[in-house]
Amino acid sequence: MTSFAKRYGSWAVVAGASEGLGEAFARDCARRGLNVAVIARRVELARRLADDIASTAGVQTRAMRADLASRDDLDHIVADLADLDVGLLIYNAAFSVVGPFWNFDVDTHLKEILNDVVKRPQQ
Ligand SMILES: NC(=O)c1ccc[n+]([C@@H]2O[C@H](COP(=O)([O-])OP(=O)(O)OC[C@H]3O[C@@H](n4cnc5c(N)ncnc54)[C@H](OP(=O)(O)O)[C@@H]3O)[C@@H](O)[C@H]2O)c1
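Numbering of residues starts from 1 in every chain and runs along the sequence as written. Totals for whole chains, interfaces and linings use every residue, but because this is a predicted model, local features are given only for residues with pLDDT of at least 70 and side-chain atom pairs only at 80 or more, for both listing and counting. As a rule here, side-chain values cover all heavy atoms of the structure and leave hydrogens and water aside.

Visitor: Hey, could you run me through the side chain of His109 in this one?
Guide: With respect to the helices and strands, His109 occurs in helix α5 (residues 106-114). Partly exposed residues are those whose accessible area sits between 20% and 50% of the maximum for their type, while under 20% is buried and over 50% is exposed, using a 1.4 Å probe and protein chains only. With relative accessibility at 11%, the residue His109 sits in the buried group. Contact between two residues is taken to exist if any of their heavy atoms lie within 4.5 Å; hydrogens are not considered. Those residues in contact with His109, other than ones at most four positions away along the chain, are Phe101 and Phe104. Counting from the N terminus, the helices are the DSSP runs of H or I reaching at least four residues and the strands are the DSSP runs of E reaching at least two.

Below you can see the structure in the form of structure tokens.
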């Protein structure tokens, strides 16, 4: 067992790992010897990633569907992780736009700040 796995093992949880940086974090944790649980709304992508990591890195994996802006989904995730010895959480899920502020409408900026938890009041 490497020192990284000793320090952060035996499971890493990567929230927001169907693509992008989350996928890269998940793959790197596995490369360093951790078992990996990946969470995303598009669970088919997360499953495909989990299967690929398991076959290439030889670690255990788990894929879970959750919208991390949903209180109910959070409760399910906590229950689904209860049997794992989690030493590392990488909270990568987020919505953010890239570009000049004025290129995006107000609803897009509100989504970035509030996600879907709070709906904009109707005018
Ligand atoms: N890429 C950059 O250059 C950069 C620079 C600075 C900071 N960041 C930050 O780094 C993080 C990742 O960036 P990225 O470029 O890899 O973004 P990305 O490609 O959009 O990936 C975001 C991941 O988060 C998941 N996600 C988003 N909202 C979610 C929710 N409500 N519940 C569950 N999963 C959710 C997405 O999966 P699903 O859609 O399947 O749920 C996806 O797997 C973000 O926080 C971003 O703001 C990125």
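Visitor: I keep staring at the packing of aromatic side chains and nothing clicks. Help me out?
Guide: To describe a pair of aromatic rings, one takes the distance between the centres and the angle between the planes. Within 6.5 Å between ring centres, the rings of Phe, Tyr and Trp (the latter by its six-membered ring) count as paired, and their orientation is classed by plane angle as stacked under 30 degrees, edge-to-face over 60, tilted in between. Applying the stated criterion to the full structure yields one aromatic pair. Look at Phe4 and Tyr8: their rings are 4.8 Å apart centre to centre, the planes differ by 50°, and that puts the pair in the tilted class. Of this pair, Phe4 and Tyr8 both sit in helix α1 (residues 3-8), four residues apart, which is roughly one turn of the helix. What makes Phe4 partly exposed here is its relative accessible area of 22%. Consider the ring centre and the ring normal. A charge sits over the ring if Lys NZ or Arg CZ is within 6 Å of that centre and within 35 degrees of that normal. Stacked on the ring of Phe4, the Lys or Arg Arg32 has its end atom at 4.7 Å from the ring centre.

Visitor: Hey, could you run me through the pairing of strand β3 (residues 61-65) in this one?
Guide: Every regular strand shows the same layout, with side chains that alternate between the two sheet faces. Strands are treated as partners if at least two bridges between them are detected by DSSP. Here strand β2 (residues 35-40) runs beside β3; their pairing, made up of five bridges, is parallel. Directly across from Ala37, in β3, lies its bridge partner Arg62. Looking down the strands as they point away from you, a crossover is right-handed if its path from the first strand over the helix to the second goes clockwise. A crossover links β2 with its parallel partner β3, the connecting element being helix α3 (residues 43-57), and its sense is right-handed.

Visitor: Can you walk me through helix α4 (residues 71-81) in this structure?
Guide: Owing to its 3.6 residues per turn, the α-helix brings residues three or four apart onto one side. Of all the positions in α4, only Asp73, Ile77 and Leu81 are classed as buried. Each buried residue of α4 sits inside an arc of 65° when the element is viewed along its axis, so together they form one side. Exposed side of α4, more than 90 degrees from the buried face: Arg71, Asp72, Val78 and Ala79 are the residues found there. In this fold, the buried residues of α4 make contact with β1 (11-15), β2 and β3. Starting at the helix axis, one direction is taken to each C-beta atom, and the arc is that of these directions.

Visitor: What is the right way to look at the site of the ligand in this model?
Guide: Among the 17 residues in the neighbourhood of the ligand, the closest are listed as Ser18, Leu21, Arg41, Arg42 and Asp67. Between the ligand and Leu21 there is a distance of 2.7 Å, counted from an oxygen atom to a backbone nitrogen or oxygen. With the chains in place, 65% of the 880 Å² that the ligand exposes on its own is no longer accessible. Asp, Glu, Lys and Arg are counted as charged, while Ala, Val, Leu, Ile, Met, Phe, Trp, Tyr, Cys and Pro are counted as nonpolar; the rest, among them Gly, fall into the polar class. Grouping the constituent residues of the shell around the ligand by class yields seven nonpolar, six polar and four charged. Distances are taken per atom, and a residue is near a molecule or strand as soon as one of its heavy atoms is within 4 Å of it. A 3.5 Å cut-off defines polar contacts: any pair of N or O atoms within that distance qualifies, except that in protein one atom must be a possible hydrogen donor and the other a possible acceptor, and neighbouring residues in sequence count only when both atoms are side-chain atoms. Per-residue accessibility takes into account occlusion by the displayed protein chains alone, with areas from the Shrake-Rupley method and a 1.4 Å probe.

Visitor: I'm lost on the nonpolar core in this one. Help?
Guide: For soluble globular proteins, nonpolar side chains are generally found buried alongside one another. Of all hydrophobic cores here, the largest spans 18 residues; its most connected members are Ala26, Cys29, Val36 and Val38. Those elements that place two or more of their residues in this core are β1, α2 (20-31), β2, α3 and β4 (86-91). With four residues, the single largest contributor to this core is α3. Filtering out sequence-adjacent residues up to four positions away, Ala26 remains in contact with Val14, Val36, Val38, Leu49 and Ile53. One finds Ile39, Leu68, Leu81 and Leu84 within the second-largest nonpolar core, a separate group that totals 11 residues. Buried residues of nine kinds, namely Ala, Val, Leu, Ile, Met, Phe, Trp, Tyr and Cys, make up a nonpolar core once their side-chain atoms join them within 4.5 Å.

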